[in-house]
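For reference, the chains in residue letters:
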Amino acid sequence: MDFVSIRIITADVARLVAFYERVTGVRAAWATEDFAELATPTATLAVAGTRTVPLFAPGSAHPARNQSVITEFLVDDVDRVHRELTGAGCLTDPVAGPTTMPWGNRSLLLRDPDGNLVNVFTPVTAAAVAKFAR
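Caption draft 1: Just the sheet that holds strand E4 (residues 44–49), in detail. One open sheet holds the four strands; their spatial order is E1-E4-E3-E2, and the pairing between them is mixed. Of all the strands in the sheet, just strand E1 (5–10) and strand E2 (29–32) have a single pairing partner and so form its edges. When the angles between neighbouring strand axes are averaged without regard to direction, this sheet yields 20°. Of the strand pairs in this sheet, E2 and strand E3 (residues 35–39) are connected by three bridges, and their pairing is antiparallel. From the neighbouring strand, Ala 29 faces E3, where its bridge partner is Glu 37. Each of E1, E2, E3 and E4 touches helix H1 (residues 13–24); the most contacted strand, E4, lies at about 160° to it.

See the structure below:
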């Protein structure tokens, strides 16, 4: 089995896609106005509108209700990303500014426009760098 993607359901696909394009630097590929994907070398973030939910199971997903999942992005320089997001006005709800965690990652925890938690991080210790070496 391969982990391929995670999908976020939202009431405003364009707004959420624009946010994640800014955070990741990846341009979205749009399939329809209700579905776009941001593909990275290791996984894909899919963003879908509420109109797609009934195609799977009516009422099974609701936008802006996540209280437990953190979507994480590995970046080259989390401090630079923090500066860029702040300067672009995208960092409207930071949860925790760049902080070096005990497991060796320097992390920026923020919320996307729907309130979902997003962790942008850079490995900074030798062990963390080795763990994420490609």
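Caption draft 2: The sheet that holds strand E5 (residues 70–74), seen in detail. The mixed open sheet is built from four strands, whose spatial order is E5-E8-E7-E6. In the strand order of this sheet, the two ends are held by E5 and strand E6 (94–100), each with one partner. Shown here is a sheet whose adjacent strand axes are inclined to one another by a mean of 15°, direction ignored. For E5 and strand E8 (residues 117–123), the ladder comprises five bridges, and the chain directions are parallel.

Criteria and cut-off values
Within any chain, residue numbers begin from 1 and follow the written order of that chain's sequence. Restriction of local features to residues with pLDDT of at least 70 applies here, the model being predicted, together with a cutoff of 80 or more for giving and counting side-chain atom pairs; totals for whole chains, interfaces and linings are based on all residues. Just so you know, side-chain values use all the structure's heavy atoms and leave hydrogens and water out. DSSP bridges decide pairing: two strands pair if at least two such bridges lie between them. The numbering of helices and of strands both runs from the N terminus, where a helix is a DSSP run of H or I of at least 4 residues and a strand a run of E of at least 2. Working convention: axes come from line fits to C-alpha atoms, limited for helices to the stretch in contact. Angles between N-to-C directions cover 0 to 180 degrees. A contact between two residues is defined here by any heavy atoms of the two lying within 4.5 Å.

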